[in-house]
Amino acid sequence: MAELFRMPAVAADAATAVLSAWQVAEGASFTKDDALVSIETDKAEVDVSAERDGVLLKALYEAGVEIEVGDPIAVLGTVGEQTGDLDALLAELGVAAPAEARQAVRRDVPEERAAPAPSAAPALSPAPASAGPDRGGRIFSSPLARRLAREAGLGIEALTGTGPGGRIVRRDVEAAVAAGRAQAPEPPAPPAPPTLAPVPQATTPAAPAPAAGTGDHEDVPHTRMRRAIARRLTESKQHTPHFYLRATCAVDELLALRQRINAVSPVKISVNDLLIKAVATAHTQVPEMNAVWQPDAVRRFRTVDVSVAIATETGLVTPVLRGIENLSVSAIATRTRAFAERARSGGLAPADLEGGSITVSNLGMYGVEEFAAIINPPQAAILAIGAARDEAVVRDGAVTAAKVLGVVLSVDHRPVDGAVAARWLAAFTEAVENPVRLVV
């Protein structure tokens, strides 16, 4: 029996979302857990999966349309069901006819996918025969496949999909890249410089090519994510009363412990993994820091959920590691790496980015000694970690060389007082400088 498929609430605070791409063609059947549609919010792009077997009878919107959460976006049916009189079916379901339903406001940032077809071509022209099975004019691909194709300089429309319903997946891009390398001819010898012929004077001025800037600059249009980052961080600096605490941690023992762990552990541990565990230890010892500001109360959490800042091509994302007070360092390392892979492939779900009371942001791998980060609202703090460096320190009255690490804790003064933050930073420093407690 036909039913409406509505724009899902993929993010808790999102009133709208962008229909990024249909992953199933009209009239095609799908099975439970197949990706039906890619949805983009301010925080991430996520594939929405089917809850049961069925067929996509009619897509009410094309890709690239911003739609209110809860609005119908497609008509689904049981396998083998036919559309029949579409207008009558839509009227029976209580929605407008396709010509009216498609009148939605398109988002004001350009698609970062394949270039649009020329205006002279039909809006939904059939895919070429070399592009695999008929997909009804739309090209269905996973976010990871689109990113890999873009990095390899391949047009997604030229690939043959082997996923469900002809969807282009990671292995299709990798196969195309491998085939291209195998067939690449030897580079020809450089040609002789051409003889420059006189250029005839144009009788009429040529129309300028469209450009995103002038000769001395380029204008890169804002993506939805970049707008969201700009808005949220501006609001944070304007409305969150930041204060900052700095500390220098000796990390000789921490680095030695990491080396011993990695000698026997199947999971390689990074310095950041140990520092995340130290954050959990400090939160456990100073639970007043494990809180966020709410309009009517200070909300304190019973578990330690920590966001980890990960840089991607489209911007910074902060997926949340949950319950890390009960996780081993190797489990933290495994989850962090999984998040990093999903973040860079576009596979994070909005739920992965929600929650937590503190973020860990590490720029030490770039040689940055110290920086102060902006709090990611509604969290109460962010810990900025710099690079480990050699410094002269005084120990037992003697000057000696040591590895030290600079950190800056940015704190929201509404839910957390300065004395509380100072106790937290002391607990964090103690855990870093005596790291055996991180593994027991």
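Right, let's walk through the structure included here. (Residues numbered from 1 in each chain as written. Predicted model: local features only at pLDDT ≥ 70, side-chain atom pairs only at ≥ 80, totals over all residues. Heavy atoms only, no water.)

Turning next to a nonpolar patch on the surface. Residues Val436, Val439 and Val440 make up a contiguous nonpolar surface patch of about 310 Å² in total accessible area. Along the chain, valine 440 turns up in the segment after helix H9 (418–433). (Patch = residues over 30% accessible without salt bridge, like charges linked within 9 Å, V, L, I, M, F, W, Y side chains within 5 Å. Areas by Shrake-Rupley, 256 points an atom, 1.4 Å probe, with all protein chains shown as cover. Salt bridge = Lys/Arg side-chain N within 4 Å of Asp/Glu carboxyl O. Helix = DSSP H or I, 4+ residues; strand = E, 2+ residues; numbered from the N terminus.)

With that out of the way, let us pick up the sheet that holds strand E8 (residues 72–77). With respect to topology, four strands assemble into an open sheet ordered E1-E8-E6-E3, the strand pairing being antiparallel. The two strands at the open ends of the sheet, each matched to only one other strand, are strand E1 (3–6) and strand E3 (29–30). The sheet contact formed by E3 and strand E6 (residues 54–59) spans two bridges and is antiparallel. Opposite serine 29, over in E6, you have valine 55 as the bridge partner. (Pairing = 2+ DSSP bridges.)

Following the criterion strictly, the structure yields eleven salt bridges and no others. Taking the shortest distance from any N to any O, the salt bridge between aspartate 273 and arginine 337 comes out at 3.1 Å. You can see aspartate 273 sitting in helix H7 (residues 271–285) and its partner arginine 337 sitting in helix H8 (residues 329–345), a full 64 residues away along the chain. The buried category is assigned to aspartate 273, whose relative accessible area is 1%. Here arginine 437 makes a salt bridge to glutamate 430, at a shortest N to O gap of 3.5 Å. The class for arginine 437 is partly exposed, based on a relative accessible area of 34%. Exposure remark for glutamate 430: the relative accessible area of 34% places this residue in the partly exposed category. (Buried < 20%, exposed > 50% of the residue type's maximum accessible area, 1.4 Å probe, protein only.)

With that settled, the discussion passes to the nonpolar core. Ranked by size, the top nonpolar core spans 56 residues in total, and within it Met289, Ile324, Val407, Leu409, Trp424 and Phe428 carry the most contacts. When sequence neighbours within four positions are dropped, the list of residues in contact with isoleucine 324 reads Ile276, Lys277, Ala280, Val304, Val306 and Ile332. Ala2, Leu36, Ala50 and Leu57 belong to the second largest nonpolar core, which has 32 residues in total. (Core = buried A, V, L, I, M, F, W, Y, C linked by side-chain atoms within 4.5 Å. Contact = heavy atoms within 4.5 Å.)

In this section: the packing of H7 against H8. In a pair of packed helices, the angle between the axes and the distance between the axes together describe the arrangement. Between H7 and H8, the least distance of the axes is 9 Å, while the angle of their chain directions is 115 degrees. By the angle between their axes, H7 is roughly perpendicular relative to H8. Crossing of H7 over H8 shows right-handed handedness. Together, Asp273, Leu274, Ile276 and Lys277 of H7 and Val329, Ile332, Ala333, Thr336 and Arg337 of H8 make up the contact between the two elements. Per-class residue counts for the contact of H7 with H8 are five nonpolar, one polar and three charged. (Axes fitted to C-alpha atoms, helices over the stretch in contact; angles between N-to-C directions. Parallel < 35°, antiparallel > 145°, perpendicular 65-115°, else oblique. Left-handed = near helix turned anticlockwise from the far one by under 90°. Nonpolar A, V, L, I, M, F, W, Y, C, P; charged D, E, K, R; others polar.)

This next bit is on the side chain of histidine 283. You can see histidine 283 is positioned in helix H7. Here tryptophan 424 takes part through its side chain, which lies 2.8 Å from a polar atom of the side chain of histidine 283. When residues no more than four places from it in sequence are discounted, the contact partners of histidine 283 are Met289, Asn290, Val304, Ser357, Ile358 and Trp424. (Polar contact = N/O pair within 3.5 Å; in protein donor to acceptor, adjacent residues only side chain to side chain.)

So, about H7. Between its first and last C-alpha atoms H7 spans 21 Å; for 15 residues at 1.5 Å apiece the expected length is 21 Å, and the two agree. Among the residues of H7, Asn272, Asp273, Leu274, Leu275, Ile276, Lys277, Ala278, Val279, Ala280, Thr281, Ala282 and His283 are the ones counted as buried. (Expected span 1.5 Å × (residues − 1).)

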